[in-house]
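# Observations on chain architecture
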Amino acid sequence: KEVVTVKTHYPQSNGILVEFDEEIQRGFIVIRNPMKSIPSFFNHIYEMRNHLPVHSERAPLEEWVKWRNAYLDTEIAEYKKFICYWMDRYT
């Protein structure tokens, strides 16, 4: 396949691989700063829970703090899993 880019969150639970994944010989990874991407992910969760349009608003600070305190360690582990998977795959 002649592919320029594929966006995925794999191996996170919401990520999927393309059907021709095994044919991909090499890749590069673009990594957002987790200080930006983790709060952005929470904003997405907040929008979905409250039936708001995607990318429409930021969650209230007190909601972010509660979620952060409960899930930050998990999200950091997911971030590490993502990076390690893709770095190990092509080395």
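The structure under discussion appears in the preceding block.
A short tour of the structure in this document, coming up. Because the structure is a prediction, the values reported are computed rather than measured.

### Considering the overall build of the protein chain
When its secondary structure is counted, the protein chain shows two helices and zero strands. Over its C-alpha trace the protein chain gives a radius of gyration of 16 Å, far above what one expects of a compact globule, namely 12 Å for 91 residues. With the principal axes as the frame, the protein chain shows a C-alpha extent of 45 × 25 × 20 Å. When the 91 residues of the protein chain are sorted by exposure, 22% land in the buried category. Put simply, 57% of the contacts in the protein chain that link residues at least 6 apart link residues at least 24 apart. Carbon and sulfur atoms provide 54% of the accessible area of the protein chain, an area that totals close to 7,600 Å².

### Let's talk about the nonpolar core
Counting residues in each nonpolar core, the largest one holds seven residues, listed as Ile38, Phe42, Ile45, Tyr46, Ala59, Trp64 and Trp67. For this core, the secondary-structure elements that each account for two or more residues are helix H1 (34–49) and helix H2 (61–89). Considering every element that reaches this core, the biggest residue donor is H1, with four residues. Look past the residues within four positions of Trp64 in its chain and what remains in contact with it is Ile38, Pro39 and Phe42.

### Focus: the environment of Glu2
Mapped onto the elements, Glu2 comes out in the segment before H1. Residue classification places Glu2 among the exposed residues on the basis of a relative accessible area of 85%. As a C-alpha pair, Glu2 and Ile24 span 22 residues in sequence and 9.3 Å in three-dimensional space.

### Digging into the pattern of salt bridges
Across all of its chains, the model carries three salt bridges by this definition. Its salt-bridge partner being Arg89, residue Asp21 comes within 2.9 Å of it at the nearest N-O pair. With Asp21 in the segment before H1 and Arg89 in helix H2, the pair connects residues that are 68 residues apart, well separated along the chain. Overall, the relative accessible area of 11% leaves Asp21 in the buried class. The class for Arg89 is partly exposed, based on a relative accessible area of 24%.

### Observations regarding the packing of H1 against H2
At a minimum axis separation of 10 Å, H1 and H2 run at an interaxial angle of 120°. Judged on the interaxial angle alone, H2 and H1 are oblique. In this structure, H1 meets H2 at a crossing whose hand is right-handed. On the side of H1, the interface is formed by Pro34, Ser37, Ile38, Pro39, Phe41, Phe42, Ile45 and Tyr46, while H2 contributes Glu63, Trp64, Trp67, Leu72, Glu75, Ile76 and Tyr79. Class assignment for the residues of the contact of H1 with H2 results in 12 nonpolar, one polar and two charged.

Procedures and definitions
Residues numbered from 1 in each chain as written. Predicted model: local features only at pLDDT ≥ 70, side-chain atom pairs only at ≥ 80, totals over all residues. Heavy atoms only, no water. Helix = DSSP H or I, 4+ residues; strand = E, 2+ residues; numbered from the N terminus. Rg over C-alpha atoms; globule rule 2.2 N^0.38 Å. Buried < 20%, exposed > 50% of the residue type's maximum accessible area, 1.4 Å probe, protein only. Contact = heavy atoms within 4.5 Å. Areas by Shrake-Rupley, 256 points an atom, 1.4 Å probe, with all protein chains shown as cover. Core = buried A, V, L, I, M, F, W, Y, C linked by side-chain atoms within 4.5 Å. Salt bridge = Lys/Arg side-chain N within 4 Å of Asp/Glu carboxyl O. Axes fitted to C-alpha atoms, helices over the stretch in contact; angles between N-to-C directions. Parallel < 35°, antiparallel > 145°, perpendicular 65-115°, else oblique. Left-handed = near helix turned anticlockwise from the far one by under 90°. Nonpolar A, V, L, I, M, F, W, Y, C, P; charged D, E, K, R; others polar.

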